[in-house]
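What follows is each chain in one-letter form.
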Amino acid sequence: MALPDFICIGAQKAGTSWLYQMLIQHPDLWFPPLKELHFFDRRDGGPKARKVVATMVRIAKRRYHKENPSESPEQIAAFENYLATIAADDMLTETWYRRIFDYPAAATKVKGEITPAYLDLKQEKFDYAIKLLPPQTKFIAILREPLARSISQLRMQIEANKVDPQTEEDWRKVMKGLKRVSRGDYQRCVPMWNSAAGKERILYLPFSDVRERPQQLLSTVEDYLGVSHFGSYRQFDEQIHVTKKVAIPDWVTKKLERQAEPQRAFLIETFGQEFYDKTK
């Protein structure tokens with residue numbers, strides 16, 4: 001059974017949702033109906049992880065009916081049967097992951113998935129991913145300036161958990177949760193990926209290109225994946241998944257800034273000042 005030809009591994013809060021919305025329009029590319037499969041980071045997550053996948057399948061089904069009102073009954077039935085295989089009892093197993101990429105429409109296209117949690121995989125899960133994926137699988141990582149990325153993740157976490165931190169104790173709890181689900185430890189993850197996959201298999205992109213040079217960024221990705229240049233992307237200058245603005249106390253920002261400093265220094269040392277400036 002098939003496996004992806006490429007994976008966008010992150011980073012979280014660095015434009016991966018935008019990239020997904022763009023690349024699903026490309027006629028030479030194919031993606032699963034779930035933007036984030038979370039296979040490598042959640043495959044041993046038990047019932048809770050499987051419940052998340054089941055919810056995502058229901059959302060994908062509603063979105064499909066909304067976006068494809070003129071599909072024939074046969075096409076609708078085929079897609080719904082495919083979704084049923086994703087929601088099957090063996091979800092998050094290796095067989096399940098391979099089966100996802102066996103969709104007939106994917107056979108002649110370059111297959112990919114986007115799950116930003118993969119950048120920061122724990123070592124055991126990372127080793128499994130490298131062992132399972134073919135040696136020709138390519139990877140894409142969008143890197144965002146560490147402090148800005150952490151602040152955006154903090155706001156996303158507050159919004160997702162439906163909390164309204166007011167006191168210092170409230171904020172410390174939020175900060176503790178942020179540390180527990182870190183998605184931007186470049187200092188640990190970039191060398192890990194470079195060493196195991198090889199630098200030639202990873203395309204690193206600076207976050208500001210999403211905002212300032214979207215068409216050029218997409219052309220770079222197309223060239224990297226070996227597909228044609230697609231000239232009809234829609235809404236490529238629109239921001240996807242805008243995080244709700246939350247006023248953050250100065251002491252929290254300063255703490256995040258101190259935590260981000262080693263990551264900032266690492267990016268400059270590894271990629272150079274010019275690339276780092278483009279991550280802002």
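Scroll up a little and you will see the structure.
Since the structure is predicted, the reported quantities are computational estimates derived from the model, not experimental observations.

Attention now moves to the nonpolar core. Grouped together as the largest cluster of nonpolar side chains are 75 residues, with contacts concentrated most on Leu19, Phe40, Tyr97, Ile140 and Trp193. The element best represented in this core is helix 9 (residues 186-197), accounting for 6 residues. Among the nonpolar cores identified, the runner-up in size contains 13 residues, and Trp171, Val174, Ile248 and Val252 belong to it.

Another aspect to go through is helix 7 (residues 146-161). An α-helix turns once every 3.6 residues. As a result, residues three or four positions apart point the same way. Its 16 residues give helix 7 an end-to-end C-alpha distance of 22 Å, which sits within 8% of 22 Å, the value for a rise of 1.5 Å per residue. For helix 7, the set of buried residues is Pro146, Leu147, Arg149, Ser150, Ile151, Ser152, Gln153, Leu154, Arg155, Gln157 and Ile158. You can read the cap of helix 7 off the contacts: a side-chain oxygen lies 3.2 Å from the backbone nitrogen of Leu147, and it is on Glu145. Just beyond helix 7, the residue with positive phi is Lys162, at close to 55 degrees.

Applying the stated criterion across every chain yields a total of 21 aromatic pairs. On the basis of an interplanar angle of 70 degrees and a centroid distance of 5.3 Å, the ring pair of Phe40 and Tyr118 is categorised as edge-to-face. Residue Phe40 is located in helix 2 (residues 39-42), and its partner Tyr118 is located in the loop between strand 3 (110-114) and helix 6 (123-132); the two are separated by 78 residues in the primary sequence. Just as Phe40 is buried, Tyr118 falls in that class too. Put simply, the rings of Trp30, Phe39, Phe40, Tyr64, Phe79, Tyr82, Trp96, Tyr97, Phe101, Tyr103, Tyr118 and Tyr128 touch in pairs and so form one group of aromatic residues. One residue, Lys138, lies across the ring of Tyr224, its end atom 5.0 Å from the ring centre. Over the ring of Phe207 we find Arg144; its NZ or CZ atom is 4.4 Å from the centre of that ring.

Thresholds, definitions, all that
Residues numbered from 1 in each chain as written. Predicted model: local features only at pLDDT ≥ 70, side-chain atom pairs only at ≥ 80, totals over all residues. Heavy atoms only, no water. Core = buried A, V, L, I, M, F, W, Y, C linked by side-chain atoms within 4.5 Å. Buried < 20%, exposed > 50% of the residue type's maximum accessible area, 1.4 Å probe, protein only. Helix = DSSP H or I, 4+ residues; strand = E, 2+ residues; numbered from the N terminus. Expected span 1.5 Å × (residues − 1). Polar contact = N/O pair within 3.5 Å; in protein donor to acceptor, adjacent residues only side chain to side chain. Phe/Tyr/Trp six-rings, centres within 6.5 Å; stacked < 30°, edge-to-face > 60°. Lys NZ or Arg CZ within 6 Å of the ring centre and 35° of its normal.

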